[in-house]
Amino acid sequence: MYGLRMSSYIIKKIRSEDKVHFESALFILNEILGENLYSEKSLQRNADEQDVLLLGCIIEDKLVAAAMSGILKKSAFGLYAPFGKDAMELLNRYRIGVLRNSAVKSDFRGRGIGAALLSERLQWLTNLNCEYSVGLTWLHGKTIQSDSLYKSAGFQQIGQVVPEFFKSLSEDTGMHCPYCGYPCRCSAVMYAKKN
Ligand SMILES: CC(C)(COP(=O)(O)OP(=O)(O)OC[C@H]1O[C@@H](n2cnc3c(N)ncnc32)[C@H](O)[C@@H]1OP(=O)(O)O)[C@@H](O)C(=O)NCCC(=O)NCCS
């Protein structure tokens, strides 16, 4: 369906009542994207919210990847300010869907799971009448990053690369970057695509 380079997989929405998969999603997100990124409570708030989607990819009953998306709220616009005028114009003019937190377990990367999760989330955002989808690529320089995923799906870069983009988030949440430590000093780039 998504050109996934493996035989059998399920992509499904994960809610907190699905305890086994929810706990696995919490573990995967914190292990791959940064220790302390989510507490059980904060992920639960997201997973059970109407306008947030927590997706998991399941292979042989085990969760091997998790990814989120949601409708961008005005209160979150400030996060994108470092990407400049074009970014802010886009957010102010259109209804925006956000792609967040893509994490595939290392043994399962490069087989199309990230692309499948992206495709499913784009469809969900389109169904919610989002006119544009935006996503950030975390430039850790290690393993596979999400930039190639966005480019393959037709996304365009908005603004310039922002150095140390995650530093204040890392300091506020105590999030440790698996690649550069604490606080995170990785750069980020913003991508957008019309739905
Ligand atoms: C980024 C990530 C979510 C992508 O998921 P994935 O399942 O590995 O990605 P896919 O297999 O769908 O591949 C997507 C694209 O990555 C690129 N890619 C695949 N294998 C690659 C490799 N070994 N090295 C570099 N790029 C590669 C390809 O361009 C591929 O597109 P293609 O269909 O044209 O080949 C996943 O690798 C990951 O969890 N990385 C670490 C955490 C991270 O950076 N998350 C993103 C936060 S912004």
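Residues numbered from 1 in each chain as written. Predicted model: local features only at pLDDT ≥ 70, side-chain atom pairs only at ≥ 80, totals over all residues.

Student: How do you make sense of the overall build of the protein when you look at a structure like this?
Tutor: Secondary structure assignment for the protein yields 6 helices and 7 strands. Taken from the N to the C terminus, the helices and strands of the protein come in the order β-α-α-β-β-α-β-α-β-α-β-α-β. The globule rule puts the C-alpha radius of gyration for 195 residues at 16 Å, and the 16 Å found for the protein is close to it. Seen along its three principal axes, the alpha-carbon backbone of the protein occupies a region of about 45 × 35 × 30 Å. Counted over contacts in the protein with a minimum sequence separation of 6, partners at least 24 positions apart contribute 72%. (Helix = DSSP H or I, 4+ residues; strand = E, 2+ residues; numbered from the N terminus. Rg over C-alpha atoms; globule rule 2.2 N^0.38 Å. Contact = placed C-beta atoms within 7 Å.)

Student: Whenever I open this one, the site of the ligand confuses me. Can you help?
Tutor: Around the ligand, 21 residues are found, and the nearest of them are Arg 109, Gly 110, Gly 114, Ile 144 and Ser 148. Within the residue set of the shell around the ligand, elements represented by two or more residues are β4 (96-104), α4 (113-127), β5 (132-139) and α5 (147-152). Of the residues assigned to the shell around the ligand, the class counts are 9 nonpolar, 10 polar and 2 charged. (Near = placed C-beta within 6 Å. Nonpolar A, V, L, I, M, F, W, Y, C, P; charged D, E, K, R; others polar.)

Student: Explain the sheet that holds strand β3 (residues 62-71) to me, please; I cannot follow it from the model alone.
Tutor: Hydrogen bonds between backbone groups are what pair the strands of a sheet, and the pairing can be parallel or antiparallel. Strand order across the open sheet formed by 7 strands is β1-β2-β3-β4-β5-β7-β6, with mixed pairing between neighbours. On the outer flanks of this sheet lie β1 (10-13) and β6 (156-162), each paired with one strand and no other. For this sheet, the mean inter-axis angle between neighbouring strands, taken without regard to orientation, is 25°. Strand direction decides the pairing type here: β5 and strand β7 (residues 187-194), joined by 8 bridges, are antiparallel. Looking across to β7, one finds that Leu 139 is bridged to Ser 187. (Pairing = 2+ DSSP bridges. Axes fitted to C-alpha atoms, helices over the stretch in contact; angles between N-to-C directions.)

Student: Help me understand unusual backbone geometry in this model?
Tutor: Peptide bonds are mostly trans, and most non-glycine residues show a negative phi. Backbone torsion omega between Tyr 182 and Pro 183 reads -10°, so that peptide bond is classified as cis. Position of Pro 183 relative to the elements: it lies in the loop between α6 (167-173) and β7. At Asp 61, a residue that is not glycine, the phi angle is positive and equals roughly 70°. Structurally, Asp 61 can be placed in the loop between β2 (52-59) and β3. For Glu 164, which is not a glycine, the phi torsion comes out positive at approximately 50°. Its location among the elements puts Glu 164 in the loop between β6 and α6.

Student: Explanation requested: the environment of Ile 28 in the structure shown.
Tutor: Among the structural elements, Ile 28 can be located in helix α1 (residues 19-33). Judged by the 21 C-beta atoms lying within 10 Å of it, Ile 28 falls in the buried class. Along the sequence, Ile 28 and Ala 66 sit 38 residues apart, while their C-alpha atoms lie 7.0 Å from each other. Look past the residues within four positions of Ile 28 in its chain and what remains in contact with it is Leu 63, Ala 65, Ala 66, Ala 103 and Lys 105. (Buried ≥ 20, exposed ≤ 12 C-beta atoms within 10 Å, placed from the backbone.)

Student: Before we go on, may I ask you to explain the nonpolar core in this structure?
Tutor: The nonpolar side chains of a soluble globular protein tend to be buried with one another. Within the largest apolar cluster, 56 residues are counted, with the highest numbers of intra-cluster contacts made by Ala 25, Leu 29, Ala 65, Ala 66 and Met 190. Not counting chain neighbours up to four residues away, the residues in contact with Ala 65 comprise Ile 28, Gly 56, Cys 57, Ala 103, Val 104, Lys 105, Phe 108, Ile 113 and Leu 117. (Core = buried A, V, L, I, M, F, W, Y, C linked by C-beta atoms within 7 Å.)

Student: How should I be thinking about α4 in this particular structure?
Tutor: An α-helical segment advances 3.6 residues per turn. Residues three or four places apart therefore align on the same side. End to end, α4 covers 21 Å across 15 residues, agreeing with the expected 21 Å (1.5 Å per residue, within 8%). Along α4, the residues classified as buried are Ile 113, Gly 114, Ala 116, Leu 117, Leu 118, Glu 120, Arg 121, Leu 122 and Leu 125. Tucked into the core, α4 has its buried residues touching β1, β2, β3, β4, β5 and α5. Asn 129, located one to two residues past α4, shows a positive phi value of around 65°. (Expected span 1.5 Å × (residues − 1).)

Student: Would you explain the environment of Lys 193 in this entry?
Tutor: Relative to the assigned elements, Lys 193 resides in strand β7. Spatially, the C-alpha atoms of Lys 193 and Val 52 are 19 Å apart, while their sequence positions differ by 141 residues. Lys 193 has contacts with Tyr 132, Ser 133, Ala 153, Gly 154, Phe 155 and Gln 156, leaving out every residue within four places of it along the chain.

Purely geometric numbers; function is a separate question.
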